[in-house]
Amino acid sequence: MSREKYDARRLARCRARYKPVYCRICGNQMIRNFDIPGGNRDRMHTECILKQCAEIYSKNGKLDRMNIQRLYARGYDIPMLREFIETGEVF
C-alpha cells in the first residue's frame, strides 16, 4: 500500500471515529484539524493557556513547571509572556 493511500485511510478513520473534545480550561469544544500532524491531539486552546499563565504570572511572578511546559510546547516562553502582559494582548 502506498503512503498516500495509507494517509488517506488513516484520515478517514480519524474522521469517522471523531468524538467532540472540550477544552480543559474553558470548556468550549475544540475544533480539530486532521490535515496537519498533531492537529487532533490538543486538549486546551492556546489562547486559554496564555490567559491562564498570564493571570498566574501576574499574581505570583512565577509559573509552575506544568504551565511552563504548556507554554514551551506551543512555542512561547516567559519573556514573550511578559511582553503579552505589558502590552495587554492576552487579557
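The structure presented is a predicted model; accordingly, all values stated were derived computationally and were not measured.

Per the secondary structure count, the protein chain includes four helices and zero strands. Written out in order from the N terminus, the α and β elements of the protein chain read α-α-α-α. In the protein chain, which comprises 91 residues, the share counted as buried stands at 25%. Long-range pairs, those at least 24 residues apart, make up 30% of the contacts in the protein chain between residues at least 6 apart in sequence.

What follows covers a positive patch on the surface. Residues R9, R10, R13, R17 and R41 make up a contiguous surface patch of positive charge. Within the secondary structure, R10 sits in helix α1 (residues 3-16).

So, about the pattern of salt bridges. Tallied over the entire structure, the rule returns one salt bridge. Of the charged contacts in the structure, one is a salt bridge between R3 and D7, with a shortest N-O distance of 3.7 Å. Highlighted residues: R3 and D7, both in helix α1, separated by four residues, approximately one helical turn. On the basis of relative accessible area, D7 is assigned to the partly exposed category, the value being 25%.

Okay, the packing of helix α2 (residues 46-60) against helix α3 (residues 65-73) next. At a minimum axis separation of 10 Å, α2 and α3 run at an interaxial angle of 140°. The pairing of α2 with α3 is recorded here as oblique in orientation. Crossing of α2 over α3 shows left-handed handedness. Every residue of α3 that contacts α2 at I49, L50, Q52, C53 and I56 is listed here: N67, R70 and L71. Each residue belonging to the contact of α2 with α3 can be placed in one class, and the counts come to five nonpolar, two polar and one charged.

This brings us to the side chain of N67. Within the secondary structure, N67 sits in helix α3. Take N67: its relative accessible area is 3%, and that puts it in the buried class. Engagement of the side chain of N67 in a polar contact is seen with the side chain of D64, the distance being 2.7 Å.

The subject of this paragraph is the nonpolar core. In this structure, C23, C53, Y57, L63, L71 and L81 are the most contacted members of the largest nonpolar core, which totals 15 residues. Those elements that provide at least two residues to this core are α2 and α4 (78-87). In terms of residue count, the dominant contributor to this core is α2 (six residues). Those residues in contact with Y57, other than ones at most four positions away along the chain, are K62, L63, I78, L81, R82 and I85.

Reading the values: rules and limits
- Throughout, residues of each chain are indexed from 1 in the direction in which the sequence is written.
- Local features in this predicted model are restricted to residues of pLDDT 70 or higher, and side-chain atom pairs are both shown and tallied only at a pLDDT of 80 or more, whereas totals for entire chains, interfaces and linings draw on every residue.
- Heavy atoms throughout the structure, all of them, feed into the side-chain values; hydrogens and water do not.
- Only DSSP runs of H or I with at least four residues qualify as helices, and only runs of E with at least two residues qualify as strands; both kinds are numbered from the N terminus onward.
- Residue burial is assigned from relative accessible area. The probe radius is 1.4 Å, only protein chains are included, and a residue is buried under 20% of its type maximum, exposed over 50%, and partly exposed in between.
- Whether two residues are in contact is decided by their heavy atoms, any of which lying within 4.5 Å being enough.
- A patch consists of residues exposed above 30% relative accessible area that lack any salt bridge, with like charges linked at up to 9 Å and nonpolar side chains (Val, Leu, Ile, Met, Phe, Trp, Tyr) linked at up to 5 Å.
- Methods summary: accessible areas were calculated by the Shrake-Rupley approach with a probe of 1.4 Å, and residue burial reflects only the protein chains presented.
- Any carboxyl oxygen of Asp or Glu that lies within 4 Å of a side-chain nitrogen of Lys or Arg is treated as forming a salt bridge with it.
- In this count, Lys and Arg are taken as positive residues and Asp and Glu as negative ones, while His and the chain termini are left out.
- Note that the charge is assigned to NZ on lysines, CZ on arginines, CG on aspartates and CD on glutamates.
- Fitting a line to C-alpha atoms yields each axis, with helices limited to the stretch in contact; the angle taken between N-to-C directions then spans 0 to 180 degrees.
- Geometric relationships in this document are graded by angle, where less than 35 degrees denotes roughly parallel, more than 145 denotes roughly antiparallel, 65 to 115 denotes roughly perpendicular, and other angles denote oblique.
- Working rule for handedness: look at the near helix, and if it is turned counterclockwise from the far one by less than a right angle, call the crossing left-handed; if clockwise, right-handed.
- Under the grouping applied here, Gly and all other residues not named as nonpolar or charged are polar, the nonpolar ones being Ala, Val, Leu, Ile, Met, Phe, Trp, Tyr, Cys and Pro and the charged ones Asp, Glu, Lys and Arg.
- Pairs of N or O atoms within 3.5 Å make up the polar contacts considered here, provided that, within protein, one atom can donate a hydrogen while the other can accept it, and that residues adjacent in sequence are counted only when both atoms are side-chain atoms.
- We call a set of buried residues a nonpolar core when its members are Ala, Val, Leu, Ile, Met, Phe, Trp, Tyr or Cys and they connect through side-chain atoms within 4.5 Å of each other.

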